[in-house]
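# Structural features, examined
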Amino acid sequence: MPYTSLNSLSSYRYGFHKPEKYFYKSKKGLSEKTVEEISGIKNEPDWMREYRLKALKVFCKKKLPSWGGDLGKINFDDIYYYIKPTENKVSSWKDLPAEIKDTYDKIGIPEAEKKFLGGISAQYESEVVYKSIKKALSKKGVVFLDMDSGLREYASLVKEYFGTVVPMEDNKFAALNSAVWSGGSFIYVPKGVKVDLPLQAYFRINAANMGQFERTLIIADSGSFVHYVEGCTAPIYSTDSLHSAVVEIIVKKGARVRYSTIQNWSKNVYNLVTKRMRVEEEGIGEWVDGNIGSKLTMKYPSVYLVGKGARGEILSVAYAGKDAHQDAGGKVIHIAPFTTSKITSKSVSVDGGRTSYRGLVQVLPSALHSKTKVVCDALIIDSKSRSDTYPTMDIRTSKTQVEHEATVSRIGDEQLFYLQSRGLKKEEAEAMIVNGFIEPIVKELPLEYAVELNRLILLEMDGSVG
Amino acid sequence: MIDNDTSECNQKTMEEKLEELILIDNLKKKYEFNINSGENKTFVFFLINGENYEGEIKVLIQGKNTKVQILGIIIGYKNQQIKIITLQDHLAGESTSDLYVKSALFDNAKFSYEGMIRIEKNAQKSDAYQKNQNLILSQKANANTKPHLEILANEVRCTHAVTVGDISDDLLYYLNTRGLNKLQAKYLILSGYFEEILQRIKDIKIRNRLKKNLHNKLLKLFGLKIGESIRLIASIRPKQKD
């Protein structure tokens, strides 16, 4: 059992430092010049440069949201908006500090991801794996590139869909991302193609893999299926205090897209992400969203059900430890008739952490015979922690069925007593109960991620309880 | 307006200790109530008169071993706008608060509800519940509901639940087969829907008075004759075997 062997890792909290090697670094702060520079270096078409400049203006005009977490401490002038990473990462697995390798081993991170996290992107083995996957994908006509390459190679597709699901005017951080985006994934799945393997960002090994302002665009054509997995559960150390990504997904008629994320940022990061799917007739859009770590996360994956019979599902799990505030949830907008949706949220607050579920269910008059259900469960481990639930239900039609329920509770004394009577220590028992609590969401993740997440929560809980 | 003359406060019932009932039948301002140790209070807002209502009910639980019930019956019709904010603020522990609000919305009625349960850090061993159900009976009626929780203590039990929807077709069909027309069936279903709240009012005199007003309003809204309810209920009772 891994429970006892993890004690030595309790001091390990902050992740590690990715060696900072770069070709180009923009000046701190945000100005038209910075934006033009970014666009210039990437050799982008004029429309994208203009798009970025327009977005910058929107960003300056928009106010910070007055709700949610405390954003007042973000200093937009003290951020590097563009860092071009080195093209040949030469550091080797051996060079990583022993305790980090140790943690990776204990969490059980897949080999390829270990290398990626270690900054060894061009290693032989992962290259081989990557190449064979890439070959299989391109045979089916699946496009899987980083966003910058996507813009170069599939300009017309990108131009057609970029900013259509999350317009720059949506919110201040969507505008910021539109102005300075870099990296992220571009995926196109042709009609009727089912991608069996989950597409994982770390297989897409090239420059600009993980940025502060990622921009991801996924287009699933009629009848296709793709499962995209983003991020990793190991602590990502970042010197940058702001991470603001935008993810846009278009699910066409009868297609299905699942997007899984587990993010574990270091505790100085503001993670402010706009994620949205547009689901057309009979399509299915699913978000599996896990948030651990970070100083403040504000993330509400959304599904717009625009086609008859479309379905949306959001599974959200948030874990807030010391000093962390997880403001997460989900939004579903029912626009077309016979649409259905479900939001399931599980949150755990421990050691002074705060979790907030924030969600929206909107049923427009056109969404006749729609059905939606929201379930939020929260667990508060100790008296220092806090849990909030802020749902909104805006229902504008009678022919609908809307349900929402939420509970907040702590770990029951009987549960603890039972496990302790079976020989578990209090901390072990608590960790086991927490893992059981988030199980319904964890089981939706690819196996290796599920294992990682479970172990990571054990790590996080170690020493923080009792 | 707090109906002090007719609410017959301090009704003593057999099974409960002193329960105080506060009836609010015209919600147009902000109310704030402090609940002290050992008190047992029930607030009822009864809004069926077709006016626009906008108001706030704040209940601050200041002492231990208190019991608070907030009940709401709302009928909206025509172009009525109803906006209600409630707060169950647990400042002291070992207390219970229970909110149950039901609405039925006809015509172009708009109902917006914002309910907050807040459990402060020192209010351990609190139980707080919040339930809001809304029946939308017209394609143009709206319900916007925000049931919020802010929990700063861990030894608590808090739940909230919300439903929004129409009367189910199955229910209507069943009553149809029993010989009731659509309006009669809807009237019966709504009576039962609100009965659940009325049953929680311990003061029988007040309960019966509210019930009578509610039934008259429903009969009027469905264009049925006053006094028809008894006949309707009798008509769907299973016939006794010979």
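Residues numbered from 1 in each chain as written. Chains lettered and ligands numbered in written order. Predicted model: local features only at pLDDT ≥ 70, side-chain atom pairs only at ≥ 80, totals over all residues. Heavy atoms only, no water.

### Some points on the overall build of chain A
Tallying secondary structure elements over chain A gives 11 helices and 21 strands in all. By residue count, 61% of the 466 residues in chain A fall in the buried class. Residue pairs at least 24 apart in sequence account for 85% of intrachain contacts in chain A once pairs closer than 6 positions are excluded. Of the roughly 18,100 Å² that chain A leaves accessible, carbon and sulfur atoms contribute 52%. (Helix = DSSP H or I, 4+ residues; strand = E, 2+ residues; numbered from the N terminus. Buried < 20%, exposed > 50% of the residue type's maximum accessible area, 1.4 Å probe, protein only. Contact = heavy atoms within 4.5 Å. Areas by Shrake-Rupley, 256 points an atom, 1.4 Å probe, with all protein chains shown as cover.)

### Details of the overall build of chain B
Counting its regular elements, chain B contains 4 helices and 11 strands. Here chain B, with 242 residues, has 54% of them falling under the buried criterion. Here the analysis covers contacts within chain B between residues at least 6 apart in sequence; of these, 77% occur between residues at least 24 apart. When the accessible surface of chain B is summed, it comes to about 11,400 Å², and 49% of that surface belongs to carbon and sulfur atoms.

### Overview of the interface of chain B and chain A
Taken together, the contacts link 34 residues of chain B with 33 residues of chain A. Roughly 2,600 Å² of surface becomes buried between chain B and chain A when both sides are summed, with 46% attributable to carbon and sulfur atoms. In terms of surface lost to chain A, no three residues of chain B exceed Gln139, Asn154 and Val164 of chain B, which account for 21% of the buried area on that side. At the junction of chain B and chain A, the tally comes to 3 salt bridges. The closest approach of N and O atoms between Arg386 of chain A and Glu150 of chain B, which form a salt bridge, is 3.4 Å. (Buried area = accessible area lost by both parts, 1.4 Å probe. Salt bridge = Lys/Arg side-chain N within 4 Å of Asp/Glu carboxyl O.)

### Topic: the nonpolar core
What tends to happen in soluble globular proteins is that the nonpolar side chains get buried as a cluster. Ile249 of chain A together with Phe45, Ile84 and Ile119 of chain B are the most contacted members of the largest nonpolar core, which totals 79 residues. Contacts of Ile84 of chain B, omitting those with residues within four sequence positions, involve Leu27, Phe45, Leu47, Gly55, Ile74, Phe111, Ser112, Tyr113 and Glu114 of chain B. Listed in part, the 44 residues of the second largest apolar core include Leu151, Tyr161, Val180 and Leu217 of chain A. (Core = buried A, V, L, I, M, F, W, Y, C linked by side-chain atoms within 4.5 Å.)

### Digging into the confidence of the model for chain B
Residues and elements named next belong to chain B. Per-residue confidence for chain B averages 88 on the pLDDT scale, and 87% of its residues sit at or above 70. When the criterion is pLDDT under 50, residues 1-16 qualifies, and its contacts beyond four places in sequence or with other chains add up to 34 contacts. In the model output, the complex is listed with pTM 0.84 alongside ipTM 0.82. (pLDDT = per-residue confidence, 0-100.)

### A word on the UniProt feature "domain: SUF system FeS cluster assembly SufBD core" (unreviewed entry) in chain B
With numbering aligned to this structure, UniProt lists the feature "domain: SUF system FeS cluster assembly SufBD core" (unreviewed entry) at residues 46-192 of chain B. Summarising residues 46-192 of chain B: 14% helix, 54% strand, and an end-to-end C-alpha distance of 16 Å. (UniProt positions renumbered as here; feature names shortened; annotations may be inferred.)

### Here's the deal with the packing of aromatic side chains
Aromatic ring pairs are reported here in terms of the distance separating the ring centres and the angle at which the planes meet. Residue and element names in this part refer to chain A. Evaluation of the coordinates by the stated rule reveals 15 aromatic pairs over all chains. Considering the side-chain rings of Trp47 and Phe162, the 6.4 Å spacing of their centres and the 75 degrees angle between planes classify their relative orientation as edge-to-face. One end of the pair, Trp47, is in helix α2 (residues 46-61); the other, Phe162, is in the loop between α7 (155-161) and α8 (172-180), with 115 residues separating them in the sequence. Each member of the aromatic cluster is reached from another via a ring pair, and the members are Trp47, Tyr51, Phe162 and Trp181. Over the aromatic face of Trp181 sits the side chain of Lys42, whose NZ or CZ is 5.3 Å from the ring centroid. Stacked on the ring of Phe162, the Lys or Arg Arg215 has its end atom at 4.2 Å from the ring centre. (Phe/Tyr/Trp six-rings, centres within 6.5 Å; stacked < 30°, edge-to-face > 60°. Lys NZ or Arg CZ within 6 Å of the ring centre and 35° of its normal.)

### Things to note about the domain arrangement of chain B
All names here are of chain B. Domain boundaries assigned for chain B yield domain 1 (18-166) and domain 2 (168-236). Each of domain 1 and domain 2 has a C-alpha centre, and these two points are 24 Å apart. Counting residues at the interface gives 25 residues for domain 1 and 19 residues for domain 2. The junction of domain 1 with domain 2 conceals about 2,100 Å² of combined surface from both sides, 73% of it contributed by carbon and sulfur atoms. (Domains from an automatic or database assignment.)

### Quick look at helix α2 (residues 182-198) of chain B
All names here are of chain B. The terminal C-alpha atoms of α2, which comprises 17 residues, lie 24 Å apart, in line with the 24 Å expected from a rise of 1.5 Å per residue. Judged by how many residues are buried, α2 sits mostly within the fold: 13 of 17 residues are covered. Between a side-chain oxygen at the N-terminus of α2 and the backbone nitrogen of Leu183 the separation is 3.1 Å; the capping residue is Asn181. (Expected span 1.5 Å × (residues − 1). Polar contact = N/O pair within 3.5 Å; in protein donor to acceptor, adjacent residues only side chain to side chain.)

### Here's the deal with the state of the cysteines
This model, assessed by the stated rule, comprises 0 disulfides over all chains. Looking at Cys158 of chain B, it has no disulfide partner, and the nearest cysteine sulfur is the one in Cys376 of chain A, 13 Å off. (Disulfide = S-S within 2.5 Å.)

### Side note on unusual backbone geometry
Phi is positive for Phe338 of chain A, close to 60 degrees, though the residue is something other than glycine. Within the secondary structure layout, Phe338 of chain A lies in the loop between β16 (325-334) and β17 (340-349). Positive phi values are uncommon outside glycine, yet Glu94 of chain B reaches one of about 55 degrees. Within the secondary structure, Glu94 of chain B sits in the loop between β6 (81-90) and β7 (96-105). The class for Glu94 of chain B is partly exposed, based on a relative accessible area of 37%.

### Regarding the packing of α2 of chain A against α8 of chain A
Packed helices, taken two at a time, are described by the angle their axes make and the gap between the axes. Residues and elements named next belong to chain A. Packing of α2 against α8 brings their axes to within 7 Å, and their N-to-C directions diverge by 150 degrees. With respect to their mutual orientation, α2 and α8 come out roughly antiparallel. α2 and α8 meet at a crossing whose hand is left-handed. Where α2 approaches α8, its residues Tyr51, Arg52, Ala55, Leu56, Val58, Phe59 and Cys60 are matched on the opposing element by Lys172, Ala175, Leu176, Ser178, Ala179 and Val180. Grouping the constituent residues of the contact of α2 with α8 by class yields 10 nonpolar, 1 polar and 2 charged. (Axes fitted to C-alpha atoms, helices over the stretch in contact; angles between N-to-C directions. Parallel < 35°, antiparallel > 145°, perpendicular 65-115°, else oblique. Left-handed = near helix turned anticlockwise from the far one by under 90°. Nonpolar A, V, L, I, M, F, W, Y, C, P; charged D, E, K, R; others polar.)

### Topic: the pattern of salt bridges
All names here are of chain A. Counted according to the given criterion, the structure contains 38 salt bridges over all chains. For the salt bridge of Arg258 with Glu286, the shortest nitrogen-to-oxygen distance reads 3.3 Å. Taken together, the residues Arg258 in strand β10 (residues 256-265) and Glu286 in strand β12 (residues 284-293) connect sequence positions 28 residues apart. With a relative accessible area of 8%, Glu286 lands in the buried category.

### So, the confidence of the model for chain A
Of all residues in chain A, 78% attain a pLDDT of 70 or more, and the chain-wide mean is 81. Considering only residues more than four positions removed or in separate chains, one finds that residues 85-92 of chain A, a stretch of pLDDT under 50, has 16 contacts.

### Things to note about the side chain of Asn291 of chain A
Residues and elements named next belong to chain A. Here Asn291 shows up in strand β12. Asn291 sits in the buried class, given a relative accessible area of 2%. Side chain to side chain, Asn291 and Asp289 meet in a polar contact 3.0 Å long. In contact with Asn291, not counting residues within four places along its chain, are Gln263, Asn271, Thr297, Lys299, Val317, Ala318, Tyr319, Gln326 and Ala328.

### Focus: the pairing of strand β6 (residues 215-220) of chain A
All names here are of chain A. When you tally the buried positions in β6, you get 6 out of 6 residues, the bulk of the element. Bridge analysis of strand β4 (residues 185-189) against β6 gives 4 bridges, and the strand direction is parallel. Bridge pairing in β6 places Phe186 opposite Leu217. Bridge count for β6 against strand β9 (residues 246-251) is 6 bridges, and the pairing is parallel. Counted as the bridge partner of Ile218 is Ile249 from β9. (Pairing = 2+ DSSP bridges.)

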